[in-house]
Amino acid sequence: MKFPLTAEEEEFRCNIRDFCADNLPSEISEKVVTGVKLSRDDYVEWQRILARGGLLCGAWPAAHGGHDWSPIKAYLFDEECGRAGAPWLLPFGVNYVGPVIHTYGSEEQKARYLPEIASAQTFWCQGYSEPEAGSDLAGLKMRAVRDGDHYIVSGRKIWTTMAHWADRIFCLVRTDPDVRPQAGISFLLVDLRSPGISIRPIMTMDGRHDLNEVLFEDVRVPVADRVGEENGGWTIAKFLLSNERLLVAEIGKQKRLMEAVRSILSGLADGDAPLSADRAVQARIVELETRLLALEWSALRTVRAAATGHPPAAAVSMLKVRGSELEQALTEFAVEIMGPEAMVYAPKMGLGDADPSQVMRNGAMARMLWARCVTIYGGSNEIQRNIIAKSLIGF
Ligand SMILES: Cc1cc2nc3c(=O)[nH]c(=O)nc-3n(C[C@H](O)[C@H](O)[C@H](O)COP(=O)(O)OP(=O)(O)OC[C@H]3O[C@@H](n4cnc5c(N)ncnc54)[C@H](O)[C@@H]3O)c2cc1C
């Protein structure tokens, strides 16, 4: 069963597949596939390869150096990269703050920031969440007080992905504490090297350091680096979140994980019989395949219906819920069928000559532990269900 694509879309898909086959460095894809942690250089290298190939900002308007890709082309690009084992395409510059700047930014901001993002010269991170403001984002407290042509910014951001590698952070800050919460927020672009900023690591249960706490103590930020009106940041915040959630179904990655499960299974036995002959295992495989197919069709139908612009929030939330749950189910099943062998955590490099099952077994625990967070980031699944309920039932 194949989702109908136009001839042009099929050709586009093939071009991206060929581009990945010809240009994605094997040392990088091997790390991705086996769950080995990537370095900053790995991420930047892949983004620069895409930028040189004219693909990094394909969904941007032509006026800003993009190709005006339709939502379906952006989806196919994402799927093919994920399937090829490309690194997660860091969305903070290209997909989050870039579109914010070309939609709401001043001409000076566009001229200064967009070319750096489009050529992957700057590494951005996202300063939304705070210790007391995650799901309830409008409750954020980081304070920005006007002092001439600067703001003095103080407060804490938390869970900031890759802040320790980033050059800049975009932040939601409170510029008016005396109005209803959503009405007193502004959107700032901040140089992370500014005096008064310190970054503390947060280690996650899979032993990695991706997350951080970012502390601001009287940091001076030029008013010229505010995007949009003072106290008009909530509209921008919501615009950015809708882009964030659209990317989360990650069909290409799910397909790669499904292939990993099949590959792991192919090398396992139950006594003398292959484990793949077990009826219960077969039933689980069919269930997972069916969920993946349903997710793929739902994602394609959603982006097709959107044609241009954004699909309905409830549809995007549904994809987020189903996509993240499937990622957890696939990675859990891989660990389950491996049994005690899955206890080995640290993925190793250099298994190129080993049989495919062995290569995939190598990173199973890392992938399963990492997937604990996918139902949290980008707005937790409980919040997504609230959005769906509100849209369908009205409360
Ligand atoms: C790996 C990872 C990377 C992240 N990266 C970033 C980043 O780069 N930048 C950034 O700004 N943030 C980032 N976050 C933060 C993320 O956006 C928040 O964790 C998320 O929005 C949830 O907020 P919270 O952690 O404060 O949990 P809380 O909001 O405190 O929620 C706790 C629990 O209560 C539930 N809950 C809360 N409110 C409701 C409600 N109204 N109805 C039902 N259930 C509810 C939640 O679903 C959750 O289970 C990241 C998080 C993770 C895990």
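Source: prediction; values computed, not measured.

Draft legend 1. Expanded view of the site of the ligand. Surrounding the ligand, one finds 16 residues, the nearest of these being S129, S135, T161, S380 and E382. Within the backbone of Q126, one N or O atom sits 2.8 Å away from a nitrogen atom of the ligand. At 2.9 Å from a nitrogen atom of the ligand is found a main-chain nitrogen or oxygen belonging to W159. Protein contacts shield 65% of the accessible area of the ligand, which totals 980 Å² for the unbound molecule. A per-element tally of the shell around the ligand places helix α13 (residues 381-393) first, with three residues. Partitioned by chemical class, the residues of the shell around the ligand number seven nonpolar, eight polar and one charged. Summarising the domain contributions, the shell around the ligand has at least three residues from each of domain 2 (124-236) and domain 3 (248-393).

Draft legend 2. Up close: the domain arrangement of the chain. Domain boundaries assigned for the chain yield domain 1 (7-89), domain 2 (124-236) and domain 3 (248-393). Spacing between the C-alpha centres of domain 1 and domain 2 amounts to 29 Å. Listed as interface residues are eight residues of domain 1 and, on the opposing side, seven residues of domain 2. In total, domain 1 and domain 2 occlude about 590 Å² of area from one another, counting both sides; carbon and sulfur atoms represent 56% of this. In this assembly, domain 1 and domain 2 are joined by two salt bridges. A salt bridge links D167 to R40; the shortest N-O distance between them is 3.6 Å. Along the contact surface separating domain 1 from domain 2 lie two residue pairs in polar contact (both at pLDDT 80 or more). Classifying every residue of the side of domain 1 that touches domain 2 gives four nonpolar, two polar and two charged.

Thresholds, definitions, all that
Residues numbered from 1 in each chain as written. Predicted model: local features only at pLDDT ≥ 70, side-chain atom pairs only at ≥ 80, totals over all residues. Heavy atoms only, no water. Near = heavy atom within 4 Å. Polar contact = N/O pair within 3.5 Å; in protein donor to acceptor, adjacent residues only side chain to side chain. Areas by Shrake-Rupley, 256 points an atom, 1.4 Å probe, with all protein chains shown as cover. Helix = DSSP H or I, 4+ residues; strand = E, 2+ residues; numbered from the N terminus. Nonpolar A, V, L, I, M, F, W, Y, C, P; charged D, E, K, R; others polar. Domains from an automatic or database assignment. Contact = heavy atoms within 4.5 Å. Buried area = accessible area lost by both parts, 1.4 Å probe. Salt bridge = Lys/Arg side-chain N within 4 Å of Asp/Glu carboxyl O.

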